Amino acid sequence: MTEQTQAGSLRRRVVAVTGASKGIGLALAQRLAAQGAHVIGGARNVDGLSVDGAEFLSLDVTDEPSVAAFAARCVDAGVDALVNNAGVGSFLPVQDITPEEYRRVMDTNVLGTILPTRALIGHFQARHAQGQGSQVVNVTSDVSARTFAGGALYTGSKFAQRAVTHALAHEGHAYGLRVTEIRPGMVDTFFGGTAQGEAFKAQWLRPDDVADAVLYALTVPAHLRVDEILLHPVVQEVSYP
Ligand SMILES: NC(=O)c1ccc[n+]([C@@H]2O[C@H](COP(=O)([O-])OP(=O)(O)OC[C@H]3O[C@@H](n4cnc5c(N)ncnc54)[C@H](OP(=O)(O)O)[C@@H]3O)[C@@H](O)[C@H]2O)c1
(Lines give C-alpha, C1' and ligand atoms only; values in the text may rest on other atoms or scores of the structure.)
Protein backbone atom coordinates (compact mmCIF):
# COMPACT_ATOMS: atom_id res chain seq x y z
CA MET A 1 0.00 0.00 0.00
CA THR A 2 1.52 3.33 -1.02
CA GLU A 3 0.80 6.82 0.24
CA GLN A 4 -1.35 7.36 -2.85
CA THR A 5 -3.54 4.26 -2.47
CA GLN A 6 -4.14 4.98 1.22
CA ALA A 7 -6.14 8.11 0.55
CA GLY A 8 -9.87 8.23 0.93
CA SER A 9 -10.57 4.75 2.23
CA LEU A 10 -10.29 3.03 5.57
CA ARG A 11 -10.19 -0.43 4.03
CA ARG A 12 -6.83 -2.12 4.73
CA ARG A 13 -6.00 0.62 7.23
CA VAL A 14 -4.84 -0.39 10.69
CA VAL A 15 -5.62 2.23 13.33
CA ALA A 16 -4.59 2.20 16.98
CA VAL A 17 -6.88 4.07 19.38
CA THR A 18 -6.03 4.77 23.01
CA GLY A 19 -8.84 5.27 25.50
CA ALA A 20 -11.07 3.03 23.39
CA SER A 21 -13.21 1.54 26.17
CA LYS A 22 -15.91 4.24 26.25
CA GLY A 23 -16.83 7.75 25.18
CA ILE A 24 -15.13 9.18 22.11
CA GLY A 25 -12.62 6.33 21.81
CA LEU A 26 -15.25 3.59 21.71
CA ALA A 27 -17.37 5.54 19.22
CA LEU A 28 -14.28 5.99 17.08
CA ALA A 29 -13.39 2.29 17.25
CA GLN A 30 -16.94 1.41 16.15
CA ARG A 31 -16.95 3.98 13.32
CA LEU A 32 -13.53 2.95 12.03
CA ALA A 33 -14.32 -0.76 12.12
CA ALA A 34 -17.70 -0.21 10.42
CA GLN A 35 -15.84 1.47 7.56
CA GLY A 36 -13.43 -1.41 7.10
CA ALA A 37 -10.39 -0.45 9.17
CA HIS A 38 -8.81 -2.89 11.54
CA VAL A 39 -8.82 -1.24 14.97
CA ILE A 40 -6.49 -1.94 17.85
CA GLY A 41 -8.10 -0.30 20.84
CA GLY A 42 -6.45 0.12 24.20
CA ALA A 43 -7.67 1.10 27.65
CA ARG A 44 -7.32 -0.09 31.24
CA ASN A 45 -10.77 -1.68 31.36
CA VAL A 46 -11.44 -3.65 28.18
CA ASP A 47 -13.14 -6.73 29.62
CA GLY A 48 -16.26 -7.65 27.68
CA LEU A 49 -15.69 -5.14 24.86
CA SER A 50 -16.59 -6.55 21.47
CA VAL A 51 -16.73 -4.74 18.14
CA ASP A 52 -16.51 -6.51 14.77
CA GLY A 53 -13.22 -5.57 13.14
CA ALA A 54 -11.65 -4.36 16.38
CA GLU A 55 -9.43 -5.99 18.96
CA PHE A 56 -9.12 -4.52 22.43
CA LEU A 57 -5.96 -4.76 24.52
CA SER A 58 -5.34 -3.81 28.09
CA LEU A 59 -3.38 -0.55 28.05
CA ASP A 60 -2.30 2.01 30.61
CA VAL A 61 -0.87 4.91 28.61
CA THR A 62 1.15 6.07 31.62
CA ASP A 63 2.96 2.77 32.00
CA GLU A 64 5.95 2.02 29.76
CA PRO A 65 5.74 -1.80 29.74
CA SER A 66 2.00 -1.65 29.06
CA VAL A 67 2.57 0.78 26.19
CA ALA A 68 5.42 -1.38 24.82
CA ALA A 69 3.16 -4.44 24.68
CA PHE A 70 0.40 -2.44 22.97
CA ALA A 71 2.85 -0.96 20.47
CA ALA A 72 4.35 -4.38 19.71
CA ARG A 73 0.92 -5.66 18.67
CA CYS A 74 0.32 -2.49 16.62
CA VAL A 75 3.61 -2.91 14.76
CA ASP A 76 2.89 -6.59 14.19
CA ALA A 77 -0.47 -5.69 12.67
CA GLY A 78 1.11 -3.01 10.42
CA VAL A 79 -0.47 0.00 12.09
CA ASP A 80 -0.54 3.14 9.92
CA ALA A 81 -2.32 5.55 12.26
CA LEU A 82 -2.33 6.22 15.98
CA VAL A 83 -5.12 8.14 17.68
CA ASN A 84 -4.06 9.41 21.12
CA ASN A 85 -7.45 9.82 22.72
CA ALA A 86 -7.05 8.57 26.30
CA GLY A 87 -7.53 11.36 28.78
CA VAL A 88 -8.88 12.36 32.17
CA GLY A 89 -10.44 15.56 33.46
CA SER A 90 -9.95 17.41 36.72
CA PHE A 91 -11.34 20.83 37.52
CA LEU A 92 -10.02 22.32 40.75
CA PRO A 93 -8.99 25.80 41.81
CA VAL A 94 -5.22 26.11 42.02
CA GLN A 95 -5.33 26.08 45.82
CA ASP A 96 -6.82 22.56 45.79
CA ILE A 97 -4.46 20.88 43.28
CA THR A 98 -2.42 18.17 44.97
CA PRO A 99 0.79 16.68 43.58
CA GLU A 100 -1.06 13.36 43.24
CA GLU A 101 -3.83 14.90 41.13
CA TYR A 102 -1.26 16.83 39.10
CA ARG A 103 0.58 13.61 38.30
CA ARG A 104 -2.62 11.70 37.46
CA VAL A 105 -3.78 14.30 34.96
CA MET A 106 -0.43 15.24 33.46
CA ASP A 107 0.74 11.64 33.26
CA THR A 108 -2.43 10.52 31.48
CA ASN A 109 -2.91 13.45 29.14
CA VAL A 110 0.69 14.39 28.33
CA LEU A 111 2.98 11.45 29.06
CA GLY A 112 0.10 9.25 27.86
CA THR A 113 0.35 10.95 24.48
CA ILE A 114 4.14 10.85 24.33
CA LEU A 115 4.66 7.19 25.27
CA PRO A 116 2.43 5.52 22.63
CA THR A 117 3.71 7.93 19.98
CA ARG A 118 7.34 7.38 20.89
CA ALA A 119 6.85 3.63 20.78
CA LEU A 120 5.63 3.78 17.16
CA ILE A 121 7.97 6.38 15.64
CA GLY A 122 10.56 3.82 14.53
CA HIS A 123 7.80 1.88 12.79
CA PHE A 124 6.47 5.02 11.10
CA GLN A 125 9.98 5.88 9.93
CA ALA A 126 10.40 2.37 8.50
CA ARG A 127 7.07 2.76 6.70
CA HIS A 128 8.26 6.03 5.20
CA ALA A 129 11.41 4.30 3.93
CA GLN A 130 9.05 1.91 2.09
CA GLY A 131 7.02 4.75 0.57
CA GLN A 132 4.16 4.46 3.04
CA GLY A 133 2.67 7.32 5.00
CA SER A 134 1.54 7.32 8.62
CA GLN A 135 -0.66 9.52 10.77
CA VAL A 136 -0.97 10.57 14.39
CA VAL A 137 -4.22 12.16 15.53
CA ASN A 138 -4.28 13.67 19.01
CA VAL A 139 -7.62 14.35 20.67
CA THR A 140 -6.81 17.39 22.80
CA SER A 141 -9.64 19.85 23.50
CA ASP A 142 -10.98 23.28 22.58
CA VAL A 143 -9.25 24.33 25.82
CA SER A 144 -5.80 23.39 24.51
CA ALA A 145 -5.32 27.12 23.84
CA ARG A 146 -7.50 28.92 26.40
CA THR A 147 -8.30 28.51 30.08
CA PHE A 148 -10.77 29.47 32.83
CA ALA A 149 -11.15 29.41 36.62
CA GLY A 150 -10.74 25.83 37.81
CA GLY A 151 -9.01 24.87 34.56
CA ALA A 152 -5.37 25.13 35.58
CA LEU A 153 -4.62 21.44 35.67
CA TYR A 154 -6.79 20.14 32.85
CA THR A 155 -6.12 22.99 30.44
CA GLY A 156 -2.45 22.98 31.44
CA SER A 157 -2.32 19.33 30.38
CA LYS A 158 -4.13 20.12 27.13
CA PHE A 159 -1.86 23.10 26.35
CA ALA A 160 1.05 20.71 26.85
CA GLN A 161 -0.56 18.00 24.72
CA ARG A 162 -1.06 20.62 21.99
CA ALA A 163 2.62 21.56 22.23
CA VAL A 164 3.61 17.90 21.93
CA THR A 165 1.33 17.65 18.89
CA HIS A 166 2.94 20.64 17.20
CA ALA A 167 6.49 19.52 17.97
CA LEU A 168 5.72 16.06 16.61
CA ALA A 169 4.33 17.62 13.44
CA HIS A 170 7.62 19.50 12.96
CA GLU A 171 9.74 16.41 13.64
CA GLY A 172 7.55 13.99 11.70
CA HIS A 173 7.54 16.12 8.56
CA ALA A 174 10.93 14.62 7.73
CA TYR A 175 9.46 11.12 7.59
CA GLY A 176 6.09 11.82 6.04
CA LEU A 177 4.12 11.74 9.27
CA ARG A 178 0.88 13.70 9.10
CA VAL A 179 -0.16 14.99 12.51
CA THR A 180 -3.63 16.28 13.38
CA GLU A 181 -5.02 17.90 16.52
CA ILE A 182 -8.74 17.35 17.18
CA ARG A 183 -10.16 20.01 19.54
CA PRO A 184 -13.71 19.25 20.63
CA GLY A 185 -15.79 21.42 22.90
CA MET A 186 -18.25 19.76 25.27
CA VAL A 187 -18.96 16.11 24.41
CA ASP A 188 -21.50 13.81 26.05
CA THR A 189 -19.26 11.04 27.41
CA PHE A 190 -18.20 9.67 30.79
CA PHE A 191 -15.58 12.42 31.02
CA GLY A 192 -14.66 13.69 34.46
CA GLY A 193 -16.62 10.94 36.20
CA THR A 194 -19.96 11.98 34.66
CA ALA A 195 -22.44 9.66 32.98
CA GLN A 196 -23.20 9.55 29.28
CA GLY A 197 -26.73 10.67 28.38
CA GLU A 198 -27.33 12.99 31.32
CA ALA A 199 -30.08 15.54 30.58
CA PHE A 200 -27.86 18.61 30.86
CA LYS A 201 -25.72 17.27 28.01
CA ALA A 202 -28.59 16.88 25.56
CA GLN A 203 -27.29 19.62 23.24
CA TRP A 204 -23.60 18.72 23.52
CA LEU A 205 -21.52 17.05 20.83
CA ARG A 206 -22.07 13.30 20.52
CA PRO A 207 -19.02 11.02 20.59
CA ASP A 208 -19.80 10.19 16.95
CA ASP A 209 -19.39 13.88 16.02
CA VAL A 210 -15.81 13.77 17.24
CA ALA A 211 -15.25 10.34 15.70
CA ASP A 212 -16.36 11.78 12.35
CA ALA A 213 -13.78 14.58 12.66
CA VAL A 214 -11.07 11.98 13.25
CA LEU A 215 -12.33 9.95 10.30
CA TYR A 216 -12.13 13.03 8.11
CA ALA A 217 -8.50 13.61 9.10
CA LEU A 218 -7.69 9.96 8.43
CA THR A 219 -9.31 9.81 5.00
CA VAL A 220 -8.27 13.01 3.24
CA PRO A 221 -6.10 12.45 0.17
CA ALA A 222 -2.48 11.63 0.92
CA HIS A 223 -1.20 14.98 -0.39
CA LEU A 224 -3.30 16.81 2.22
CA ARG A 225 -2.58 17.24 5.92
CA VAL A 226 -5.30 18.34 8.35
CA ASP A 227 -3.39 20.23 11.04
CA GLU A 228 -6.30 20.97 13.33
CA ILE A 229 -10.06 20.63 13.70
CA LEU A 230 -11.86 22.83 16.27
CA LEU A 231 -15.52 21.89 16.80
CA HIS A 232 -18.18 22.94 19.30
CA PRO A 233 -21.83 22.26 20.01
CA VAL A 234 -23.87 25.27 18.94
CA VAL A 235 -25.00 25.84 22.55
CA GLN A 236 -21.40 26.44 23.63
CA GLU A 237 -20.14 30.01 23.63
CA VAL A 238 -18.07 30.90 20.56
CA SER A 239 -14.37 30.84 21.39
CA TYR A 240 -11.07 31.14 19.53
CA PRO A 241 -8.35 30.06 19.15
N1 LIG B 1 -15.98 14.92 26.95
C2 LIG B 1 -15.61 16.16 26.64
O3 LIG B 1 -16.35 17.14 26.84
C4 LIG B 1 -14.25 16.37 26.00
C5 LIG B 1 -14.00 17.62 25.40
C6 LIG B 1 -12.78 17.85 24.79
C7 LIG B 1 -11.82 16.87 24.79
N8 LIG B 1 -12.06 15.67 25.39
C9 LIG B 1 -10.99 14.67 25.37
O10 LIG B 1 -11.45 13.52 24.71
C11 LIG B 1 -10.68 12.40 25.13
C12 LIG B 1 -11.62 11.24 25.42
O13 LIG B 1 -12.43 11.59 26.54
P14 LIG B 1 -13.97 11.18 26.67
O15 LIG B 1 -14.74 12.45 26.70
O16 LIG B 1 -14.32 10.14 25.69
O17 LIG B 1 -13.96 10.62 28.19
P18 LIG B 1 -14.35 9.20 28.79
O19 LIG B 1 -15.71 8.80 28.34
O20 LIG B 1 -14.09 9.33 30.26
O21 LIG B 1 -13.29 8.20 28.15
C22 LIG B 1 -11.91 8.32 28.48
C23 LIG B 1 -11.16 7.13 27.91
O24 LIG B 1 -9.77 7.27 28.28
C25 LIG B 1 -9.35 6.04 28.85
N26 LIG B 1 -8.24 6.23 29.78
C27 LIG B 1 -8.17 7.04 30.86
N28 LIG B 1 -7.00 6.88 31.49
C29 LIG B 1 -6.30 5.95 30.78
C30 LIG B 1 -5.03 5.36 30.91
N31 LIG B 1 -4.19 5.67 31.93
N32 LIG B 1 -4.64 4.45 29.99
C33 LIG B 1 -5.46 4.11 28.97
N34 LIG B 1 -6.66 4.63 28.79
C35 LIG B 1 -7.09 5.54 29.68
C36 LIG B 1 -10.60 5.47 29.51
O37 LIG B 1 -10.52 4.06 29.63
P38 LIG B 1 -10.18 3.26 30.99
O39 LIG B 1 -10.75 4.03 32.13
O40 LIG B 1 -10.82 1.93 30.73
O41 LIG B 1 -8.68 3.20 31.01
C42 LIG B 1 -11.65 5.82 28.46
O43 LIG B 1 -11.67 4.85 27.44
C44 LIG B 1 -9.85 12.88 26.33
O45 LIG B 1 -8.52 13.11 25.91
C46 LIG B 1 -10.53 14.18 26.72
O47 LIG B 1 -9.62 15.07 27.35
C48 LIG B 1 -13.26 15.39 25.98
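Values in this document were obtained by computation on a predicted structure and should not be read as measured data. (Residues numbered from 1 in each chain as written. Predicted model: local features only at pLDDT ≥ 70, side-chain atom pairs only at ≥ 80, totals over all residues. Heavy atoms only, no water.)

Trainee: Would you mind going over the site of the ligand with me for this structure?
Mentor: Surrounding the ligand, one finds 29 residues, the nearest of these being Ser21, Arg44, Tyr154, Val187 and Thr189. In the environment of the ligand, an oxygen atom lies 3.5 Å from a nitrogen or oxygen atom belonging to the backbone of Lys22. In the complex, the protein chains occlude 95% of the 880 Å² of accessible area that the ligand would expose alone. Counting only elements with at least two residues in the shell around the ligand, the list comes to α2 (23-34) and α5 (152-172). (Near = heavy atom within 4 Å. Polar contact = N/O pair within 3.5 Å; in protein donor to acceptor, adjacent residues only side chain to side chain. Areas by Shrake-Rupley, 256 points an atom, 1.4 Å probe, with all protein chains shown as cover. Helix = DSSP H or I, 4+ residues; strand = E, 2+ residues; numbered from the N terminus.)

Trainee: Could you clarify how one ought to interpret α2 in this entry?
Mentor: Since the α-helix turns once every 3.6 residues, residues separated by three or four places project in the same direction. An ideal rise of 1.5 Å per residue puts 16 Å on twelve residues; α2 measures up with 17 Å between its terminal C-alpha atoms. Counting buried positions over the twelve residues of α2 gives nine, a clear majority of the element. Those residues of α2 that sit buried are Gly23, Ile24, Gly25, Leu26, Ala27, Leu28, Ala29, Leu32 and Ala33. At the exit of α2 stands Gly36, carrying a positive phi of roughly 100°. (Expected span 1.5 Å × (residues − 1). Buried < 20%, exposed > 50% of the residue type's maximum accessible area, 1.4 Å probe, protein only.)

Trainee: Looking at this model, I keep getting lost on the side chain of Arg162. Mind explaining?
Mentor: Tracing the chain through its elements places Arg162 in helix α5. Taking the relative accessible area as the measure of exposure, Arg162 reaches 15% and is therefore buried. The contacts of Arg162, once residues within four sequence positions are left out, are Thr140, Ser144, Ala145, Glu181, Arg183 and Glu228. (Contact = heavy atoms within 4.5 Å.)

Trainee: Sorry if this is basic, but what is going on with the pattern of salt bridges here?
Mentor: The final tally for this structure, using the stated rule, is 15 salt bridges. The residue Asp212 makes a salt bridge to Arg31 at a minimum N-O spacing of 2.7 Å. Highlighted residues: Asp212 in helix α6 (residues 207-219) and Arg31 in helix α2, separated in sequence by 181 residues. Among the ionic pairs, Arg118 bridges to Glu64, the shortest N-O distance being 2.7 Å. Of this pair, Arg118 sits in helix α4 (residues 99-129) while Glu64 sits in helix α3 (residues 64-76); the two residues are 54 residues apart in sequence, bridging distant segments of the chain. A relative accessible area of 51% means that Arg118 is categorised as exposed. A relative accessible area of 48% means that Glu64 is categorised as partly exposed. Here the salt bridges share partners, and the residues they tie into one network are Arg162, Glu181, Arg183 and Glu228. (Salt bridge = Lys/Arg side-chain N within 4 Å of Asp/Glu carboxyl O.)

Trainee: Could you clarify how one ought to interpret the environment of Lys158 in this entry?
Mentor: Within the element layout of this structure, Lys158 appears in helix α5. Judged by relative accessible area, Lys158 falls into the buried class, the value being 3%. Separated by 14 residues in the primary sequence, Lys158 and Ser144 place their C-alpha atoms 4.5 Å from one another. Setting aside anything within four residues of it in sequence, one finds Lys158 in contact with Asn109, Val139, Thr140, Ser141, Val143 and Ser144. Only 3.3 Å separates the side chain of Lys158 from the backbone oxygen of Thr140, close enough to count as a polar contact.

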